[in-house]
Each structure stands twice: as C-alpha cells, then as structure tokens.
Amino acid sequence: GENVEQHPSTLSVQEGDSAVIKCTYSDSASNYFPWYKQELGKRPQLIIDIRSNVGEKKDQRIAVTLNKTAKHFSLHITETQPEDSAVYFCAARMIQGAQKLVFGQGTRLTINP
Amino acid sequence: NAGVTQTPKFQVLKTGQSMTLQCAQDMNHNSMYWYRQDPGMGLRLIYYSASEGTTDKGEVPNGYNVSRLNKREFSLRLESAAPSQTSVYFCASIRTSGREQYFGPGTRLTVT
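Rules of the game
Residues numbered from 1 in each chain as written. Chains lettered and ligands numbered in written order. Predicted model: local features only at pLDDT ≥ 70, side-chain atom pairs only at ≥ 80, totals over all residues. Heavy atoms only, no water. Pairing = 2+ DSSP bridges. Helix = DSSP H or I, 4+ residues; strand = E, 2+ residues; numbered from the N terminus. Axes fitted to C-alpha atoms, helices over the stretch in contact; angles between N-to-C directions. Disulfide = S-S within 2.5 Å. Buried < 20%, exposed > 50% of the residue type's maximum accessible area, 1.4 Å probe, protein only.

Peer 1: Go over the sheet that holds strand β7 (residues 64-68) of chain B with me, naming the residues and quoting the values.
Peer 2: Residue and element names in this part refer to chain B. The strand order across the open sheet built from four strands is β1-β3-β8-β7, with neighbouring strands paired in antiparallel fashion. Of all the strands in the sheet, just β1 (4-7) and β7 have a single pairing partner and so form its edges. In this sheet, neighbouring strand axes are inclined to one another by 20 degrees on average, regardless of whether the strands run parallel or antiparallel. Inspection of the sheet shows β1 paired to strand β3 (residues 19-25) by four bridges, in the antiparallel sense. In the strand pairing of β3, Thr7 is matched with Gln22.

Structure follows, in structure tokens:
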C-alpha cells in the first residue's frame, strides 16, 4: 500500500520568509497529491492540489511541485504571514478507484513576527 | 448545505464502555471515511466505504466496526473502548472521481 513520508515535522520561519515542506510517496500508481492545512482545534482543509500530469501549480503565495520520477512533491509558501501558522499535511492517492487518501505525518509551521 | 456533520463533538468513556460516532453528509457523495488523529501521527484511516453497501478496512481497523446506513450516513462503533482509542476522530466524504475530500468538524474522544 501507499506510504507517505513528510519532512520536517516542525518548521519555524521569520515572517516574510519562505517555507518549504517536502513529501515522498511509495506507490507509483498514485496520481493525485493534495495539501491540507489544519489550524488548532479545526478540521483539515484543502489548500492546493496537483495531479501527476502536472509538474507545478501555483495559487497566489502557495505553490506545489511534483517530481514523479523521484516520487517527491513539495509545498512552497512565499512571503509568509502569521496566519500561515498551522499544521500542514501532504497526502497521496489514486484519483480513480477506492480513493483512499494516505496522509503524511504533518508539519507544524510557526511564523515568527 | 451543512457539508459533513459529526456527533458528538466531545465524549468521555470508561474503559470497556461502547459508543457509536455518527457522521452524515448532504453533498450526495459516494465515498465516506473515518480517520483518527493522534498527536504527531497525522491522520490514519480506520475504515472507509467506497459506495453505499460496501465497507473496507483501512490502516488501523482493530477495535472498531462501521456501518454505512445509507448514502448519507456512516457510523463508527467502539464495542469495548480502550485508553489507546483516545483520539480525535474525523469523518470525511468525497464524490466519485472527485478531488477534494471534505472533513467533518471532528469528535474528541477520551477513554479513561
């Protein structure tokens, strides 16, 4: 089955700097890679996703890159703001079939003013 | 349109007690999921239901049972609660060939 590894587990950056979170997956059949943001005491919410036929996707200050050959994908947040502080999860699944989403362990991002 | 709802929000059980966590979605989604979230462990899949009438085990099914009552509702039952089941439980749903998995607000369960 699919296994997703996420690094780092904690990340602290100065406001305005960039943050990068990296994930690797094991199942080459996975073709959909979402990123979720979870604020304290809240439910996870989708912030950006990428399909395997695309190498990069950007939405304002956040971007995701995918290297299918290496089975790596990364989340990039630029010009970080205090409201970016949260736990971020990567995930992987096949977009067809049973659609089981396998999550990474999470990264606690802290933005220091 | 309430999305995914879960009841109860909080629950405290004694070891050995049983309870059922309820989940419902009003988005006509086919697939529904139960996850547990422990500190530092991310979200781990307990059981899922790809469509009405089917259920399958996920990564951590031991100690749990599920029922897909109809297309809207997917319940999770703990027959004999143990302290190791102390966790936050999230229900989620997705439409067929959909992308975004929608999560419920979660149930915080403590087993003493």
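Peer 1: Got a sec to walk through the state of the cysteines? Specific residues and values, please.
Peer 2: All names here are of chain B. Under the counting rule described, the total for this entry stands at two disulfides over all chains. The disulfide that involves Cys23 links it to Cys91, with 1.9 Å between the sulfurs. On the S-S bond that ties Cys23 to Cys91, the torsion sits near -75 degrees, and the link is left-handed. Here Cys23, found in strand β3, pairs with Cys91, found in strand β9 (residues 87-94); they are 68 residues apart in sequence, far enough to count as distant. Summarising the burial analysis for this pair, Cys23 and Cys91 share the class buried.

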